[in-house]
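Read off the chains here:
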Amino acid sequence: MSTATAEARSTPVPTAPRGGLEGVVAATTRLSHVEGEAGRLTLAGHPLAEIAPHASCEEMAFLLWEDRLPKPDELAELRRELVVHRTLPPAVLDLLRAAAGADPMDALRMGVAALDAGTDSKPAERTPRGDAVRLLAAVPSIVAAHHRLAAGLEPVAPRDDLDHAAAYLHQLTGAVPAPERTRALATYLNTVSDHGLNASTFTARVIVSTGSDLVSAVAGAVGALKGPLHGGAPGPALDTVLEIGDASRAETVLRQKLERGERLMGFGHRVYRVRDPRADVLAAAAERLFENGGGDRGLYRLALAVEQVALRLLREHKPDRRLDTNVEFYTALLLHGLGLPAELFTPTFAVGRTAGWTAHALEQAATGRLIRPAAEYSGTDDRRWVPVEERDGRRL
Ligand code: ACO
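Residues numbered from 1 in each chain as written. Predicted model: local features only at pLDDT ≥ 70, side-chain atom pairs only at ≥ 80, totals over all residues. Heavy atoms only, no water.

1. Some words on the overall build of the protein
So, step 1. Summing up its helical and strand segments, the protein has 17 helices and three strands in all.
So, step 2. A compact globule built from 396 residues would reach a C-alpha radius of gyration of about 21 Å, and the protein, at 23 Å, matches this within 12%.
So, step 3. For the protein, the C-alpha atoms occupy an extent of roughly 70 × 60 × 55 Å along the three principal directions.
So, step 4. Sorting the 396 residues of the protein into buried and exposed places 47% on the buried side.
So, step 5. Put simply, 74% of the contacts in the protein that link residues at least 6 apart link residues at least 24 apart.
So, step 6. Of the accessible surface of the protein, which amounts to about 19,300 Å², a share of 54% is contributed by carbon and sulfur atoms.
So, step 7. Averaging the coordinates of the 46 positive side-chain charges in the protein and doing the same for the 51 negative ones gives two points 3 Å apart. (Helix = DSSP H or I, 4+ residues; strand = E, 2+ residues; numbered from the N terminus. Rg over C-alpha atoms; globule rule 2.2 N^0.38 Å. Buried < 20%, exposed > 50% of the residue type's maximum accessible area, 1.4 Å probe, protein only. Contact = heavy atoms within 4.5 Å. Areas by Shrake-Rupley, 256 points an atom, 1.4 Å probe, with all protein chains shown as cover. Lys, Arg positive; Asp, Glu negative; His and termini not counted. Charge placed at Lys NZ, Arg CZ, Asp CG, Glu CD.)

2. Some details on the site of the ligand
So, step 1. Taken together, 22 residues form the shell around the ligand, and within it Arg263, Leu264, Phe267, Arg270 and Lys318 come nearest.
So, step 2. In this structure, a nitrogen atom belonging to the ligand sits 2.8 Å away from a main-chain N or O atom of Leu264.
So, step 3. Measuring from an oxygen atom of the ligand, one finds a side-chain N or O atom of Arg270 at 2.8 Å.
So, step 4. Out of a free accessible area of 920 Å², the ligand has 82% covered by protein chains.
So, step 5. Taken together, the residues that form the shell around the ligand break down as eleven nonpolar, five polar and six charged. (Near = heavy atom within 4 Å. Polar contact = N/O pair within 3.5 Å; in protein donor to acceptor, adjacent residues only side chain to side chain. Nonpolar A, V, L, I, M, F, W, Y, C, P; charged D, E, K, R; others polar.)

3. With respect to the packing of helix α5 (residues 90–98) against helix α7 (residues 128–150)
So, step 1. One can describe the packing of α5 onto α7 by two numbers: an axis separation of 9 Å at closest approach and a directional angle of 40 degrees. The orientation of α5 with respect to α7, classified from their angle, is oblique. Our pair here, α5 against α7, has a crossing hand that is right-handed. Packed against α5, whose contacting residues are Val92, Leu93, Leu96 and Arg97, the element α7 presents Ile142, Ala145, His146 and Leu149 at the interface.
So, step 2. Taken together, the residues of the contact of α5 with α7 sort by class into six nonpolar, one polar and one charged. (Axes fitted to C-alpha atoms, helices over the stretch in contact; angles between N-to-C directions. Parallel < 35°, antiparallel > 145°, perpendicular 65-115°, else oblique. Left-handed = near helix turned anticlockwise from the far one by under 90°.)

4. A short note on the packing of helix α12 (residues 234–244) against helix α16 (residues 327–337)
So, step 1. Running from N to C, α12 and α16 cross one another at 80 degrees; their axes reach a closest spacing of 8 Å. With respect to α16, the axis of α12 lies roughly perpendicular. Residues Pro234, Ala237, Leu238 and Val241 of α12 lie in contact with α16, whose contacting residues are Glu328, Phe329, Thr331, Ala332 and His336.
So, step 2. Taken together, the residues of the contact of α12 with α16 sort by class into six nonpolar, two polar and one charged.

5. A closer look at the pairing of strand β2 (residues 40–43)
So, step 1. Relative to β2, strand β1 (residues 32–35) runs antiparallel, the two being bridged by four bridges. Bridged to Glu35 within β2 is Arg40.
So, step 2. Hairpin connection of β1 to β2: four residues between the antiparallel strands, including Gly39 at a positive phi of 65 degrees.
So, step 3. As paired elements, β2 and strand β3 (residues 46–47) share two bridges and run antiparallel to each other. What sits directly across from Leu43, in β3, is His46.
So, step 4. Hairpin connection, β2 to β3: the antiparallel pair is bridged by two residues, and Ala44 has positive phi, about 45 degrees. (Pairing = 2+ DSSP bridges.)

6. Regarding the nonpolar core
So, step 1. Counting residues in each nonpolar core, the largest one holds 107 residues, and the members touching the most others are Trp65, Leu108, Val112, Leu185 and Tyr188.
So, step 2. Here this core takes twelve residues from α7, the largest share from any one element.
So, step 3. Residues in contact with Trp65, not counting those within four places in the same chain, are Arg30, Leu78, Arg129, Ala132, Val133, Leu136, Ala355, Thr358, Ala359 and Leu362. (Core = buried A, V, L, I, M, F, W, Y, C linked by side-chain atoms within 4.5 Å.)

7. Points about the sheet that holds β1
So, step 1. Strand order in the open sheet formed by three strands is β1-β2-β3, with antiparallel pairing between adjacent strands. Strands at the two margins of the open sheet, each flanked by one partner only, are β1 and β3.

8. Notes on the side chain of Asp276
So, step 1. Counting through the fold element by element, Asp276 comes out in the loop between α13 (250–259) and α14 (277–291).
So, step 2. Side-chain polar atoms of Asp276 contact the backbone nitrogen of Val327, separated by 3.0 Å.
So, step 3. When near neighbours in sequence (up to four residues on either side) are disregarded, Asp276 contacts His269, Thr325, Asn326 and Val327.

9. With respect to the environment of Thr358
So, step 1. Here Thr358 is to be found in helix α17 (residues 345–367).
So, step 2. Residue classification places Thr358 among the buried positions, given a relative accessible area of 0%.
So, step 3. For the pair formed by Thr358 and Leu136, sequence separation is 222 residues and the distance between their alpha carbons is 8.2 Å.
So, step 4. Here Thr358 is in contact with Trp65, Ala132, Leu135, Leu214 and Val218, once residues within four sequence places are set aside.
So, step 5. Polar side-chain contacts of Thr358 include one of 3.0 Å to the backbone oxygen of Ala355.

10. Some remarks on the packing of aromatic side chains
So, step 1. This model, assessed by the stated rule, comprises three aromatic pairs.
So, step 2. Each ring, one from Phe267 and one from Phe329, has its centre 5.2 Å from the other, and the planes form 50 degrees; the classification is tilted. Of this pair, Phe267 sits in the loop between α13 and α14 while Phe329 sits in helix α16, and the two are 62 residues apart along the sequence.
So, step 3. With 5.2 Å between their ring centres and 20 degrees between their planes, Phe290 and Tyr300 make a pair best called stacked. Here Phe290 is found in helix α14, whereas its partner Tyr300 is found in helix α15 (residues 297–317), with ten residues between them in sequence.
So, step 4. Every member of this aromatic cluster is reached through a ring pair, and the members are Phe267, Phe329 and Tyr330. (Phe/Tyr/Trp six-rings, centres within 6.5 Å; stacked < 30°, edge-to-face > 60°.)

And the structure:
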C-alpha cells in the first residue's frame, strides 16, 4: 500500500466543527462571490451595488445563465419566451384553486411541482435552459395567482407588454405599476437573485446532481427557502418593527426579546461578519421608493431607529460574535413600501432567487458530478432483532 493511500485511509472524514457544513466548500461557481469578512457580494463578475439597481430582471437572469449580458436581440427574445410561459397551464391553476387556503410557500411548492401536469412534453424533449425560462416565468405567476385566489379574487391574465418585475406586480394587483415601483421591485429581485451556496441553492444543486431536472430542483429549493432561518425572516422582521410602533419603545421590546432567548429577525448571518451588502442596496432602494411617495415614510424612519437599537443590543448580547443587519430587514421595508403583505415576502424572495436556483442547476448539471457527502455514525451497532410479541420494557 502506498503512503498516500495509507494516509487517506487513516485520515478521519473532515466534519464542520459546529455542524451545518459551516466553512465547507462544496461546489465551484462563477455565479456569485460572497465575501463574508469584507461584506462584499459580486454577481457574475459585477459588484452588487452596480448591477442590482440598473439591470432588468431579464438581463440579470441572462447574465447568470450565460455568463454575459444579453445583446438587444437576445434580450427581446428572452422577453418573448417569458411572455409565453407566464400563462400557467390550466392544471396548475386548478391545483392553486384547490390549494387557495394553503400557506403561500406550500402553494408555490405545489404549483412548481405541478408545472408539467397536463403538458405533453416528455422529459427527454425538454432542455435544462428551456426549463430555466419556464420556471423564471411561472414562479411569479404561481405566487400571484395563489395570492388572488386566497383573497377570493380571480387570477389576472398576464399582459404581453410588461417586463418581468412589472408583470409580477400587475398579476398581483391587476394594475400596471408606475416605473419607480417596477424599478424598486427589480432592484430587490436582482439583489436576492443569487448568494453563493445558501441552503435552498445547495438543495437545488443536490437534486440536479442526481441527474434530476430543474423543475424538481426548484420545487425542492422552495421547500428549503420556506424555513425561518433562511427565507422566512422578513415577515417577522416587519412584525417586530410594527410591534415596537414608536422608536422610544425599541430598547425595551428588543431587550425583552433577547432576555427571552429570542433572535432578532433581520440580524445575523452565517457568512457575513459585517453588514450584509444587500442591506445597503435595499436600504437605498427603499429610501428612493419612500421619497417618491411609495409607502409610509414614518415606518421607514422607525425602522432606521429600530435597526440602530438592535445593533447596539446585539453587540452587548454577543460581544464575541458580530451580528449585523442582514438582507431580510430592508426586504421587509421595501416590499411593505411596494404594498405587498407580509405573507408575500418569502414567496417574492423565491421569485428573485429562481434566477440563481436555475443558474446553479445549469452549472451543476454541466459538472455531472453527484453530490453525496459522508455522515459520521453516532448510533450503536450491538442491537439484535426482537419479534414484536417479545418486546417489553427491557427488550426493544
Ligand atoms: N438575534 C440574537 N442572537 C443571535 C442572532 C439574532 N438575530 N443571530 C445569531 N444569534 C446568536 C445565537 O443565538 C448564537 O448564540 P449561542 O452561541 O449563545 O447559541 C450565536 O449568535 C451564533 O448563532 P448561530 O445560530 O450559530 O449562527 P448561524 O450562523 O447559524 O446563524 C442565522 C445565522 C440563522 C441567520 C442567525 O443569525 C439567525 O437566526 N438570525 C435571525 C433570523 C434571520 O434574520 N434570518 C435571515 C438570514 S438571511 C437569509 O437567509 C437570506
